[in-house]
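# Notes for the structure review
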Amino acid sequence: MRKRRIRGAIRTAVLWALSFLILVPIYFAVINSFKSQKEAGLMNLHWPEEFHIVENYRTMLSTGRVLGSLWNSVYITAVSVAVVILFSSLLAFVIVRRNSRLSLILNILVVLGMVFPLQIIPTYFVCKYLQLGYIASAIFVLIASNLSFSTFLYIGYMKSIPREIDESAWMDGAGQLTLFFRLIFPLLKPVTVTSIIITFMSVWNDFGITIYFLNSSKNMTLPLTIYNFHGSYNSQWQLIFANVIVASLPVTVLYLFLQKHIMSGMTAGAVKG
């Protein structure tokens, strides 16, 4: 019994030590955003000889088009998350509640959507041919890239909701939309919060999709503004790190406040009873 406790304590200590490793890149980004351009270019973990906090962040905000990019990020993320939540929950409701060949095909397509990689170049030319506009194209592609996983989460949770609720609503004369939005959707709160957080993080931090579609300064999102301080011969790393910190703050704050809902939403419905 004593040996088991010792092994458990050692295992816990090792896991805590490994967990703290995540603080190293965070410290690296923060401390280098406080340095001068010369010191930040050395890329080390040393304490700065002289702090340039106000200067660096003021320069980054004034010359990096951060405020305009912040609005673009908020707009694109809000629209994408809202559409993903609406369509994925409705799609999951149809797949779970209807025992038909169409439901089986839709379920297979959802799984394939999580497996197959997104082909950016053909998608870009398709959106250009349809003349959707840069921001609209980025929103559509971001929605498509996050829809499958969100639907997968809803399917797993919705299977635990009794069908008797549907039957009772139909006997009272409720239609399909009334049944879903007034009875079923409020019961999906745990997985909805989880899906909102995951989709928000994915869209807000996206770089691979938006760099192709939002290639002008007025359409940039916050992660893309990092390019404003990166040149071929002279990169202002202190401003790049400051930009990274500002771009990461919203999603970090959201995650810290709502992290307890992530695992509960992903595992809810896994066990019945």
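An account of the accompanying structure is given in this report. Only a predicted model underlies this, so the values are computations on that prediction, with no experimental measurement involved.

Counting secondary structure elements, the protein contains 13 helices and 0 strands. Written out in order from the N terminus, the α and β elements of the protein read α-α-α-α-α-α-α-α-α-α-α-α-α. Computed over its C-alpha atoms, the radius of gyration of the protein comes to 23 Å, more than 25% above the 19 Å expected for a compact globule of 273 residues. Expressed as a percentage of its 273 residues, the buried residues of the protein come to 35%. Nonlocal contacts in the protein, meaning residues at least 24 apart in sequence, comprise 71% of its contacts between residues at least 6 apart. For the protein, the computed accessible surface area is about 16900 Å², with 67% contributed by carbon and sulfur atoms. Side-chain charges in the protein split into 21 positive and 9 negative, and the spacing between the mean points of these groups amounts to 10 Å.

What follows is about the packing of aromatic side chains. Within this structure, the stated rule accounts for 13 aromatic pairs. With centroids separated by 5.6 Å and ring planes inclined at 50 degrees, the aromatic side chains of Y124 and F213 adopt a geometry described as tilted. Taken together, the positions of Y124 in helix α7 (residues 120-130) and F213 in helix α12 (residues 210-213) put the pair 89 residues apart, joining distant regions of the chain. Members of the aromatic cluster, joined through ring pairs, are F34, W47, F51 and Y57.

Right, let's talk about the side chain of N146 for a bit. With respect to the element layout, N146 can be found in helix α8 (residues 134-158). Within the local environment of N146, its side chain forms a polar contact with the side chain of S145, the two groups lying 3.3 Å apart. Polar contacts involving the side chain of N146 include one to the side chain of S202, which spans 2.8 Å.

Judged by side-chain charge, K3, R4, R7 and R11 come together as a positively charged surface patch. Note on placement: R11 falls in helix α1 (residues 2-19).

Once that is clear, we can look at helix α10 (residues 176-187). Between the first and last C-alpha of α10 there are 16 Å, a value that for 12 residues agrees with the 16 Å anticipated at 1.5 Å per step. Among all positions of α10, only L179, F180 and I184 are buried. Buried residues of α10 fall within an arc of 90 degrees about the axis and therefore sit on the same side. The outward face of α10, more than 90 degrees from its buried face, is lined by the exposed residues L177 and R182. Those residues of α10 that are buried are in contact with α5 (66-97), α8 and α9 (164-171).

Bringing the packing of α5 against helix α11 (residues 189-204) into the picture now. Remark: α5 packs on α11, axes separated minimally by 9 Å, with the N-to-C direction vectors making an angle of 140 degrees. Relative to α11, α5 is oriented oblique. Two packed elements cross with a definite hand, and for α5 against α11 that hand is right-handed. Side by side, α5 and α11 meet where L70, S73, V74, I76, T77, S80, V81, V84 and I85 of the first sit next to T192, S195, I196, T199, F200, V203 and W204 of the second. Across the contact of α5 with α11, the residue classes tally to 10 nonpolar, 6 polar and no charged.

A word on the nonpolar core. In terms of nonpolar packing, the biggest core is built from 37 residues, with Y57, M60, M158, I184 and L188 touching the most fellow members. Where this core is concerned, the elements lending two or more residues are α2 (23-32), α4 (53-63), α5, α8, α10, α11 and α13 (237-267). Of all hydrophobic cores here, the second largest spans 15 residues; its members include I76, L142, I143 and M220.

Further remarks concern the side chain of S88. Along the chain, S88 turns up in helix α5. A distance of 2.4 Å separates a polar side-chain atom of S88 from the backbone oxygen of V84. In this structure S88 touches L147, S150, T151 and Y154, once residues within four positions along its chain are discounted.

What follows is about the packing of α10 against α11. Running from N to C, α10 and α11 cross one another at 75 degrees; their axes reach a closest spacing of 5 Å. Between α10 and α11, the interaxial angle falls into the category roughly perpendicular. Contacts between α10 and α11 involve F185, P186 and L187 from the first element and K189, P190 and T192 from the second.

This part takes up unusual backbone geometry. Unlike most non-glycine residues, M43 shows phi in positive territory, near 55 degrees. Tracing the backbone through its elements, the reader meets M43 in the loop between α3 (37-40) and α4. Accessibility expressed as a relative area gives 33% for M43, which makes it partly exposed. One non-glycine residue, Q131, adopts positive backbone phi at about 55 degrees. According to the relative accessible area criterion, Q131 is exposed, its value standing at 72%.

Inspection of the secondary structure assignment puts S89 in helix α5. The spatial distance from the C-alpha of S89 to the C-alpha of S217 is 35 Å, given a sequence separation of 128 residues. With near-sequence residues (within four places) excluded, S89 lies in contact with V84, Y154, M158, F180 and F185. There is a polar contact of 2.9 Å between the side chain of S89 and the backbone oxygen of L86.

Conventions and cut-offs
Residues numbered from 1 in each chain as written. Predicted model: local features only at pLDDT ≥ 70, side-chain atom pairs only at ≥ 80, totals over all residues. Heavy atoms only, no water. Helix = DSSP H or I, 4+ residues; strand = E, 2+ residues; numbered from the N terminus. Rg over C-alpha atoms; globule rule 2.2 N^0.38 Å. Buried < 20%, exposed > 50% of the residue type's maximum accessible area, 1.4 Å probe, protein only. Contact = heavy atoms within 4.5 Å. Areas by Shrake-Rupley, 256 points an atom, 1.4 Å probe, with all protein chains shown as cover. Lys, Arg positive; Asp, Glu negative; His and termini not counted. Charge placed at Lys NZ, Arg CZ, Asp CG, Glu CD. Phe/Tyr/Trp six-rings, centres within 6.5 Å; stacked < 30°, edge-to-face > 60°. Polar contact = N/O pair within 3.5 Å; in protein donor to acceptor, adjacent residues only side chain to side chain. Patch = residues over 30% accessible without salt bridge, like charges linked within 9 Å, V, L, I, M, F, W, Y side chains within 5 Å. Salt bridge = Lys/Arg side-chain N within 4 Å of Asp/Glu carboxyl O. Expected span 1.5 Å × (residues − 1). Arc of directions from axis to C-beta. Axes fitted to C-alpha atoms, helices over the stretch in contact; angles between N-to-C directions. Parallel < 35°, antiparallel > 145°, perpendicular 65-115°, else oblique. Left-handed = near helix turned anticlockwise from the far one by under 90°. Nonpolar A, V, L, I, M, F, W, Y, C, P; charged D, E, K, R; others polar. Core = buried A, V, L, I, M, F, W, Y, C linked by side-chain atoms within 4.5 Å.

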